[in-house]
Amino acid sequence: MYAGIDCGTQGTKVVIYDSQSGSTVGLGYAEHELISKADGTREQQPSWWISALTKAMKQALQTNQLNAADIKALAVSGQQHGLVVLDEHDQVIRAAKLWNDTSTHQENEQLVAALGGKKGVIDTLGLMINTGYTASKILWLKQYEPENYQRVRSILLPHDYINFWLTDEKTTERGDASGTGYFDINKRCWSALALQCIDSERELLSCLPRIICADQSAGLLSAKAAAALGLKPGIVVASGGGDNMMGAIGTGNIEPGQVTISLGTSGTVYANMDRPCVDENGLIAGFCSSSDSWLPLICTMNLTNVTSQTQSLLQIDYSTMDQMLEQTSIGAQGLLMLPFLNGERTPEMPTATGSLVGLNASNFTRENLYRATVEGTSFGLKYGLDLLRKQGLEATEIRLIGGGAKSKQWRQILADMLNLPVVVPMETEAGALGAALQAQWCHQHVSGNHVTLKSVCDIGVKLDESSRCQPRIKNVGDYQKVYDSYQQYKQQLYAV
């Protein structure tokens, strides 16, 4: 058996995977607290992650009274872009700043300018850096907490820190590292120039963890960590990676052609490519994958947060959602929503607000308003997928995850809108499952059995064929017309 740990913003999940049956046999979860301030600060104490991990692991083992000795390896999926700093005694100096911390937006602008603007950043790193990335958090610490900054001896990502707690080894993996803002995705190494822009007087490279490949071990489980988790000491701890990278593995998105779309609070679209994906416009985050390839990704800021708000406004329960979508037609009789309630990241419109256009006496109904919400948020995903296609992606199938994936009608809308088959994996905890599968892959390599990750995923990733939706040709054309109108309105209202 193999354990997959997914340390997210809201909590930590643990999945225990039985490689013989190819199924999940244990599941645990524990919540995290969150430090939130009006200036955009979003922080957590790393000790909260460890506390949640120990609770979730014990809960997962108790699911079916599992024998902990049967777990041969584990891996960690971590929320990306966070900053954990340790002192000379390897003690945490301050709370970790998270991926959604926007208090460092001015520092991000300083780094972009220091690297020569958008073109300079992309030439240096292969991708554009955003406020949420780790780099601006280090500069923020240097400028606002100089005493803490001077104490820093180790700079880690959340997943790196948990691996350190597990193994006493400081390592990182290319996929997660590529979201720091000081990692070159083309050369797949730390960028000395980006680090110098953060601090020209200090050798920050000495504070960074050792980079390992995706199939390598981060170390062995220490006796102290094993005792806390109820596991056997000395088992393999795989490299692990960022949550999007582990989500790709957990959906079988490890070869060119597959695309994973997450219908969560925000929306993500990411695909496997066998070469770096460098977007000169900076709209695509051309991350490395945790399967030794590349994982270009786009993120939209408005998805189920918008549909949920519309449901609340219209007092729609979950059972009514599909019924309302089924009762309406493509384009909601001319009603369009531009759903930028939280600004937008792709395209970059941080101050944008939402709009309803095409409203008239005939189409102003509850059903059309809800359909316009679903279509408007989905058009953001189409925009992202089209960006990937322009970079040479030849998509063959969508693997759909997240809360919205439960809606049959929404799945069909996406199949028609994107002109691709859509299917939902059986295991919904894609990040934790991906970590467990990566742990199996790494354990096999350490044991001298050089299996492919694909062979592991072929058994471990099962698809719910009853959820599959095929695109309907007439609907594909009809959606393209509505999408063209959406793009025209977006250009008129927001000049993008």
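Residues numbered from 1 in each chain as written. Predicted model: local features only at pLDDT ≥ 70, side-chain atom pairs only at ≥ 80, totals over all residues. Heavy atoms only, no water.

## Examining the layout of surface pockets
Part 1 of the argument: Of the pockets and cavities examined, the second largest pocket occupies roughly 260 Å³.
Part 2 of the argument: If you go around the second largest pocket, the residues you meet are H89, D90, Q91, V92, Y161, F164, W165, D168, S222 and K224.
Part 3 of the argument: Top contributing element to the lining of the second largest pocket by residue count: helix 6 (residues 158-167), with three residues.
Part 4 of the argument: Its residues assigned to classes, the lining of the second largest pocket shows four nonpolar, three polar and three charged. (1 Å grid on protein atoms, 1.4 Å probe; cavity = no way out; pocket = protein on both sides within 12 Å on 5 of 7 lines; lining within 4 Å. Points joined across faces, edges and corners; volume = space filled by probe spheres on them. Helix = DSSP H or I, 4+ residues; strand = E, 2+ residues; numbered from the N terminus. Nonpolar A, V, L, I, M, F, W, Y, C, P; charged D, E, K, R; others polar.)

## Side note on the side chain of K97
Part 1 of the argument: Inspection of the secondary structure assignment puts K97 in strand 8 (residues 96-97).
Part 2 of the argument: The buried category is assigned to K97, whose relative accessible area is 2%.
Part 3 of the argument: At 3.0 Å, the side chain of K97 and the side chain of E43 are in polar contact.
Part 4 of the argument: In contact with K97, other than residues within four places in its own chain, are T41, R42, E43, G82, L83, S103, T104, K137 and W140. (Buried < 20%, exposed > 50% of the residue type's maximum accessible area, 1.4 Å probe, protein only. Polar contact = N/O pair within 3.5 Å; in protein donor to acceptor, adjacent residues only side chain to side chain. Contact = heavy atoms within 4.5 Å.)

## Points about the sheet that holds strand 24 (residues 422-425)
Part 1 of the argument: With mixed pairing, seven strands are arranged side by side in an open sheet as 19-20-18-17-23-24-25. Edge positions in the open sheet fall to strand 19 (285-288) and strand 25 (463-469), since each of these has one partner strand only. Taking the axes of each pair of neighbouring strands and ignoring which way they run, one obtains an average angle of 30° across the sheet.
Part 2 of the argument: Inspection of the sheet shows strand 19 paired to strand 20 (residues 294-300) by four bridges, in the antiparallel sense. By the bridge assignment, G286 is partnered in strand 20 with P296.
Part 3 of the argument: Across the sheet, helix 14 (residues 408-418) touches strand 17 (258-263), strand 23 (397-401), strand 24 and strand 25, and the angle it forms with strand 25 is around 65°. (Pairing = 2+ DSSP bridges. Axes fitted to C-alpha atoms, helices over the stretch in contact; angles between N-to-C directions.)

## Some details on the packing of helix 2 (residues 105-114) against helix 4 (residues 134-144)
Part 1 of the argument: The contact between helix 2 and helix 4 brings their axes to 8 Å, and the two run at 110°. Of the possible angle classes, the one that applies to helix 2 and helix 4 is roughly perpendicular. Taken together, the residues of helix 4 that come into contact with helix 2 (itself represented by Q106, E107, N108, Q110 and L111) are A135, S136, L139, W140, Q143 and Y144.
Part 2 of the argument: Counted by class, the contact of helix 2 with helix 4 contains five nonpolar, five polar and one charged residues. (Parallel < 35°, antiparallel > 145°, perpendicular 65-115°, else oblique.)

## Focus: the pairing of strand 2 (residues 11-18)
Part 1 of the argument: Burial runs high along strand 2: seven of the eight residues are buried.
Part 2 of the argument: Alignment of strand 1 (residues 2-7) against strand 2, held across six bridges, turns out to be antiparallel. Residue pairing for strand 2: Y2 is matched across the bridge by Y17.
Part 3 of the argument: In this antiparallel pair of consecutive strands, strand 1 and strand 2, the connection spans three residues.

## Focus: helix 10 (residues 243-250)
Part 1 of the argument: Counting buried residues along helix 10, seven of its eight residues qualify, which places the element largely inside the surrounding structure.
Part 2 of the argument: Looking only at helix 10, the buried set comprises N244, M245, M246, G247, A248, I249 and G250.
Part 3 of the argument: Positive phi appears at G252, one or two residues downstream of helix 10, with a value of about 75°.

## Examining the packing of helix 14 against helix 17 (residues 473-494)
Part 1 of the argument: Between helix 14 and helix 17, the least distance of the axes is 7 Å, while the angle of their chain directions is 75°. Here helix 17 runs roughly perpendicular to helix 14, going by the angle between their axes. Contacts between helix 14 and helix 17 pair I413, D416 and M417 from the former with N475, V476 and Y479 from the latter.
Part 2 of the argument: In terms of residue class, the contact of helix 14 with helix 17 is built from four nonpolar, one polar and one charged.

## A short note on the sheet that holds strand 4 (residues 35-36)
Part 1 of the argument: Pairing is antiparallel across the open sheet formed by three strands, whose spatial order is 4-5-8. If you trace the sheet from one side to the other, it starts and ends with strand 4 and strand 8, each paired once.
Part 2 of the argument: The pairing of strand 5 (residues 42-44) with strand 8 spans two bridges and is antiparallel. The residue bridging E43 from the neighbouring strand is K97, located in strand 8.
Part 3 of the argument: Set on the sheet, helix 1 (residues 46-62) makes contact with strand 4, strand 5 and strand 8; between it and strand 5 the angle comes to about 55°.

## So, helix 6
Part 1 of the argument: Burial within helix 6 is extensive, with 10 of its 10 residues counted as buried.
Part 2 of the argument: Here helix 6 has its buried residues at P158, H159, D160, Y161, I162, N163, F164, W165, L166 and T167.
Part 3 of the argument: Two residues or fewer after helix 6 comes D168, characterised by a positive phi angle close to 65°.

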